Amino acid sequence: MRAPLSTSLRTRLTLWYLTVLALLLLIYATFVFAFQYAVLTRQIFHDEVQDAVTVEGLLYFDSHGVLQLQQDYYSRPQSHLLIDRLMEIRDLSGKTLYRSPTLGGMPLGGPLKNGEGDDGFNERIIRLADGSHALIISHIHTMQGRTMVIRLGYSLAPLRTRMLQFLLLLLIAIPGALIVAGAAGQMIARRGLRPLKEMTARAEGINANNLHDRLRVRNTNDELGQLASVFNHLLQRLEHAFQQMKRFTADAAHELRTPLASIRTVSEVALERAQEPEQYRDALAGILEEAARLNETINGLLLLARAEATEPGDEQTVFSAKELVDEVLSVLGVLIEEKHIAILQDDESIAARTTRGDRALLRIAFMNVLHNALKFSPPDSVLRISYSRSADKVRIAFHDQGPGIAPEEKQRVFDRFYTSSSQATVSGSGAGLGLSIAKLIIDRIGGTIGFEDSMQGARCVIELPLSG
Amino acid sequence: MSLARSRILIIEDDRKMSDALVSGIEAAGYDVRAASTAEEGFFLVHSHQPDLLLLDLTLPHRNGLEVLQQIRSEDTDVRVLILTSHNAVEDRVEGLRSGADDYLGKPFSFPELMARIDALLRRFLPPQMVSPLVVGDLALDTKTRSASRGGERLELTAREFDLLLYLVENRGRTVSREMLAKDIWHETSRFTPIDNVIDVQIARLRRKIDDPFAIKLLQTVRGIGFSLREPHS
């Protein structure tokens, strides 16, 4: 049985519950009915056996040699055993010696069977000529040298009538019970799901303008409470992402507007009145530089979008972190030589371990991190690159001897378009995106990047997942 | 320019871009026409029979790729260079698969466009006399990978030699940072660290080839890039 999907959860729960209950009640009723029937039938059989023994003692042949039943024996003549008793006695040739008046002349069962009543009582159900059924037993009895078969039974009609009444009672009681249970189920489900209804109403009211709204958690331990908590966490992350996006959009607009403004001003000033060719050339070159800055910012934004769109598992290759660092160092080689910076690498054996991820993106991440470290390294200083490993990560630390990063800026340096007040030396275009691009790329492959405390200089630590 | 006046057709709907390209390419000695719609472009492809088509992909009413496919289905003998702001790798692949000979993402540097145009037109012409790699008294020998100036041997690193060779091959014209990033450093695009590397590398090269000499050959063209030329030529 499958409830249509359009029905409410409450109705569906109740329906399921009712179906199970109905099935259980039916099984229970069938069992009780069968048990009751068996017990009562057994009771009749016992009565019959007892009765047969009694009857044996009451039989006699009268002076004419006709079998008679002594009728005045019973202390309780009204006993139904006496009134309703069906009895027939035949001799072994099959001739009927006695037939109780209750039979109204009908034979009690068919012809004698071979050995009938010899052993035990051969209880069985037979159909009488008038169509009613009787449970009868047979018993061999020898009296005054004559052997006879006593057949004794009771009609099953009263039993069946009673069983029918019982069945009717059950059939009336079950639907009644189901109706009551269904109503109770509906009510309980409604009470149980009431918080859900509230949550729905509240969640419907949450939009971009009130993302700070949260669902009310009634009980943190029950399922609905957990649902509300999970939902609240989701909202929190959404709100955070949304705030970040808002800030990012504002920052990006600012970052794009700055070069646009200078392009505009430089052009307007150049066109204001006739100037020397050299001045025009100067203006145009300035405009070109600003255009390059715009382009680089846009490329940075696209790179961020690309990194953001990658899922862990996309375009993964396995490579050694050390090899990637060396490749980047070689690209940046002239910068290192020019500033006479010594690169010291420790524990390179660890670095030979492989990591996995989008190599092209990670290369950009390392390029940005190393370029940043070199930019702030004073001439003739040392840039120490050390490798270590934890359980399932390889750690790469870049430790420069530059001015370092103030503790309160350790997080913010990864913000998009963030330019530190103390790092006022930011040179030219694309500034403010390098580290955030690196962070996003590394986060996306399941790594981490951050600045650690150090006595001198900045210590940037990158952790990458080992490739297993 | 030793080439016969090659004919170039530009299909580009942005008027400013189109005008700038026409005047810049004309100044380089080519016969240039411009169309702003696909229909006009088709007409000119047939009437003007250009050797090279510069095709913008985002045209009004019609996608540039459709134009390209139709030209290719007609079996017109024309080289096609796609100019577009759709710079994703997939766009590039699709453009080349549709029958383009080259692909240049907007915004591009004009010197790079000229270098591509020259390369595309040269690719189909009989090989010319290889002119000696000489600028003024600076001479390069690609066999021994050595350079000399005024007969004096210059000690260059491999990277410096490659850079100098590239500048000499493009002597007389400006080489942009994008071109250097792509052709010498083999980076897919230009970005801050690589810009710094290029600037430092150029400064070091200049120290070796120009600083000891009175005549300076390696010029910085502000806003564009670098140029190797004799000052008076």
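Procedures and definitions
Within each chain, residue numbers correspond to sequence positions counted from 1 in written order. Here chains are named by letter from A upward and ligands by number from 1 upward, in the order in which they appear as written. Totals for whole chains, interfaces and linings use every residue, but because this is a predicted model, local features are given only for residues with pLDDT of at least 70 and side-chain atom pairs only at 80 or more, for both listing and counting. Remark: C-beta atoms are placed from the backbone, and a residue is labelled buried if 20 or more other C-beta atoms sit within 10 Å of its own, exposed if 12 or fewer do, or partly exposed between those counts. Where helices and strands are cited, they refer to DSSP runs of H or I of at least four residues and of E of at least two residues respectively, numbered from the N terminus. At least two bridges found by DSSP between two strands are what make those strands a pair. Classification remark: right-handed applies to a crossover when, strands pointing away from the viewer, the course from the first strand over the helix to the second runs clockwise. Put simply, a nonpolar core is a cluster of buried Ala, Val, Leu, Ile, Met, Phe, Trp, Tyr and Cys residues tied together by C-beta atoms within 7 Å. Residue pairs are scored as contacts if the distance between their C-beta atoms, which are placed from the backbone, is within 7 Å. To obtain each axis, a line is fitted to C-alpha atoms, and for helices this fit is confined to the stretch in contact; angles are then taken between N-to-C directions over 0 to 180 degrees. The residue classification treats Ala, Val, Leu, Ile, Met, Phe, Trp, Tyr, Cys and Pro as nonpolar and Asp, Glu, Lys and Arg as charged. All others, Gly included, are polar.

### Things to note about the pairing of strand β3 (residues 52-56) of chain B
Residues and elements named next belong to chain B. Within β3, 5 of the 5 residues are buried, which leaves the element mostly enclosed by the surrounding structure. Along β3, one buried face is formed by Leu52, Leu54 and Asp56 and the opposite face, lined by Leu53 and Leu55, is buried too. Across 4 bridges, strand β1 (residues 7-11) lies against β3 in parallel orientation. The residue bridging Leu9 from the neighbouring strand is Leu53, located in β3. Across 5 bridges, the pairing between β3 and strand β4 (residues 79-84) is parallel. Considered in β4, the bridge of Leu54 is made with Leu81. A crossover links β3 with its parallel partner β4, the connecting element being helix α3 (residues 64-73), and its sense is right-handed.

### Description of the nonpolar core
Counting 64 residues, the largest nonpolar core has Ala365, Phe366, Val369, Leu370, Ile437 and Ile441 of chain A together with Leu164 of chain B as its most contacted members. At 10 residues, the largest contribution of residues to this core is made by helix α9 (residues 359-376) of chain A. Apart from the residues within four sequence positions on either side, Ile437 of chain A is in contact with Gly300, Leu303, Leu304, Ala307, Ile364, Ala365 and Asn368 of chain A. If you look at the next biggest cluster of nonpolar residues, it comprises 30 residues, including Ile10, Val32, Leu68 and Val80 of chain B.

### Examining the sheet that holds strand β14 (residues 459-465) of chain A
All names here are of chain A. An order of β9-β11-β12-β14-β13 is seen for the 5 strands of this open sheet, with the pairing classed as mixed. In this open sheet, the two edge strands, each paired with only one partner strand, are β9 (342-346) and β13 (448-452). In this sheet, neighbouring strand axes are inclined to one another by 20° on average, regardless of whether the strands run parallel or antiparallel.

### A few points about the interface of chain A and chain B
Taken together, the contact pairs 18 residues of chain A with 14 residues of chain B. Secondary-structure elements contributing two or more residues to the side of chain A that touches chain B are α5 (277-309), α7 (333-338) and α9 of chain A. At 7 residues, α5 of chain A tops the list of elements feeding residues into the side of chain A that touches chain B. Across the side of chain A that touches chain B, the residue classes tally to 8 nonpolar, 7 polar and 3 charged.

### Brief notes about unusual backbone geometry
The peptide bond linking Lys106 of chain B to Pro107 of chain B adopts the cis configuration, its omega dihedral lying at -5°. Within the element layout of this structure, Pro107 of chain B appears in the loop between β5 (102-105) and α5 (110-122). Phi is positive for Asp380 of chain A, close to 60°, though the residue is something other than glycine. Within the element layout of this structure, Asp380 of chain A appears in the loop between α9 and β11 (382-390). For Asp380 of chain A, a count of 10 C-beta atoms within 10 Å corresponds to the exposed category. In the Ramachandran plot, Gln49 of chain B falls in the positive-phi region, its phi being about 45° despite a non-glycine side chain. Mapping Gln49 of chain B onto the fold places it in the loop between α2 (38-48) and β3. Its 12 C-beta neighbours within 10 Å are what place Gln49 of chain B among the exposed residues.

### A short note on the environment of Thr354 of chain A
All names here are of chain A. In this structure, Thr354 sits in strand β10 (residues 354-357). Along the backbone, Thr354 and Ser320 are 34 residues apart, and their C-alpha atoms lie at a distance of 4.0 Å. Sequence-distant contacts of Thr354, defined by excluding residues within four places in its chain, comprise Val318, Phe319, Ser320 and Ser467.

### As for the sheet that holds β1 of chain B
Across a sheet, paired strands are connected by hydrogen bonds in the backbone, their directions being either parallel or antiparallel. Residues and elements named next belong to chain B. The 5 strands are arranged β2-β1-β3-β4-β5 in an open sheet whose pairing can be described as parallel. For this open sheet the edge positions go to β2 (31-35) and β5, each flanked by a neighbour on one side alone. The average angle at which neighbouring strand axes cross in this sheet is 20°, direction not considered. Packing against the sheet, helix α1 (residues 15-27) makes contact with β1, β2 and β3, and its axis sits at approximately 170° to β2.

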